Amino acid sequence: MANTETALKEALTSIEGATGVALVDYTSGMALGTMGGSKSFDLNVAAAGNTDVIRAKMRTMEMLGLKGEIEDILITLSDQYHLIRLLRTRGGNGLFLYLVLDSSRANLAMARHQLKKIEAELEV
């Protein structure tokens, strides 16, 4: 089992094209840990903003009567992918992993696969 710092480091180093990663509590919008990012890309601000994305999707699913669970949410920008993976592992309720990828270097299918593996090993 990996702790938060180990999991974030693994995501940043093992996922091709990863430029930032965070573990976020979507009940509060606070990042519990971040790694990467830059002066022009504040992962704490992104974490808080993506909390709103998750809440909006959950409200929409509820209004539609959808019973499934969100695995991940993908946002594609002209030069980046933003991947949000809700944690379903023990102790992960209310948390998500947020991964920022450089779309010119990333393999999205492999990134999703690696993030799922990191989630399975993460102990919160």
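Up top you'll find the structure we're talking about.
Residues numbered from 1 in each chain as written. Predicted model: local features only at pLDDT ≥ 70, side-chain atom pairs only at ≥ 80, totals over all residues. Heavy atoms only, no water.

As for the pattern of salt bridges
Logical step 1: Applying the stated criterion across every chain, the model contains 8 salt bridges.
Logical step 2: The salt bridge partner of Asp52 is Arg55, with a shortest N-O separation of 3.9 Å. Taken together, the residues span about one helical turn, with Asp52 and Arg55 both in helix α2 (residues 43-64) at a distance of 3 residues.
Logical step 3: With its nearest N and O atoms 4.0 Å apart, the salt bridge here joins Glu121 to Lys117. With a gap of 4 residues between them, Glu121 and Lys117 both fall in helix α3 (residues 108-121), about one helical turn apart.
Logical step 4: According to the relative accessible area criterion, Lys117 is partly exposed, its value standing at 37%. (Salt bridge = Lys/Arg side-chain N within 4 Å of Asp/Glu carboxyl O. Helix = DSSP H or I, 4+ residues; strand = E, 2+ residues; numbered from the N terminus. Buried < 20%, exposed > 50% of the residue type's maximum accessible area, 1.4 Å probe, protein only.)

Looking at the sheet that holds strand β5 (residues 95-102)
Logical step 1: Strand order in this open sheet of 5 strands is β2-β1-β5-β4-β3, and the pairing throughout is antiparallel. Each edge of the open sheet is held by one strand with a lone partner, namely β2 (30-36) and β3 (72-76). In this sheet, neighbouring strand axes are inclined to one another by 15 degrees on average, regardless of whether the strands run parallel or antiparallel.
Logical step 2: Where strand β1 (residues 18-25) meets β2, 6 bridges bridge the pair, whose relative direction is antiparallel. When the bridges of β2 are listed, Ala22 appears paired with Thr34.
Logical step 3: Sheet contacts for α2: β1, β2, β3, β4 (80-86) and β5; angle to β5, the most-contacted strand, approximately 120 degrees. (Pairing = 2+ DSSP bridges. Axes fitted to C-alpha atoms, helices over the stretch in contact; angles between N-to-C directions. Contact = heavy atoms within 4.5 Å.)

Let's talk about the nonpolar core
Logical step 1: One finds Ile15, Leu23, Leu97, Leu99 and Leu101 to be the most contacted residues of the largest nonpolar core, which totals 20 residues.
Logical step 2: Listed by contribution, the elements that provide at least two residues to this core are α1 (4-14), β1, β4, β5 and α3.
Logical step 3: For this core, the element with the most residues is β5, which contributes 4 residues.
Logical step 4: Leave out the neighbours within four places in its chain, and Leu101 touches Ile15, Glu16, Gly17, Ala18, Thr19, Asp79, Gln80, Tyr81, Ala106, Leu108 and Ala111.
Logical step 5: The next biggest cluster of nonpolar side chains, apart from the first, holds 15 residues, and it includes Val24, Ala47, Met61 and Val100. (Core = buried A, V, L, I, M, F, W, Y, C linked by side-chain atoms within 4.5 Å.)

Observations regarding the packing of α1 against α3
Logical step 1: Relative orientation of the contacting elements α1 and α3 amounts to 165 degrees, with a least axis distance of 10 Å. In terms of orientation, α1 and α3 fall into the roughly antiparallel class. Here α1 and α3 pass one another in a crossing that is right-handed. Of the residues in α3, those touching α1 at Ala7, Glu10, Ala11 and Ser14 are Gln114, Lys117, Ile118 and Glu121. (Parallel < 35°, antiparallel > 145°, perpendicular 65-115°, else oblique. Left-handed = near helix turned anticlockwise from the far one by under 90°.)

As for the side chain of Arg85
Logical step 1: Of note, Arg85 is situated in strand β4.
Logical step 2: A polar atom in the side chain of Arg85 sits 2.6 Å from the side chain of Glu119.
Logical step 3: Beyond its immediate stretch of four places on either side in the chain, Arg85 contacts Glu71, Asp72, Leu95, Phe96, Leu97, Leu115, Lys116 and Glu119. (Polar contact = N/O pair within 3.5 Å; in protein donor to acceptor, adjacent residues only side chain to side chain.)

Quick notes on the environment of Ala18
Logical step 1: Relative to the helices and strands, Ala18 is located in strand β1.
Logical step 2: Each C-alpha atom, one on Ala18 and one on Ile75, is 14 Å from the other, the two residues being 57 residues apart in sequence.

Re α1
Logical step 1: Listed in full, the buried residues belonging to α1 are Ala7, Leu8, Glu10 and Ala11. All buried residues of α1 lie within an arc of 160 degrees about the axis, which places them on one face of the element. Exposed residues on α1 whose side chains face more than 90 degrees from its buried face are Glu5 and Thr13.
Logical step 2: Close packing links the buried residues of α1 with β1, β2, β5 and α3. (Arc of directions from axis to C-beta.)

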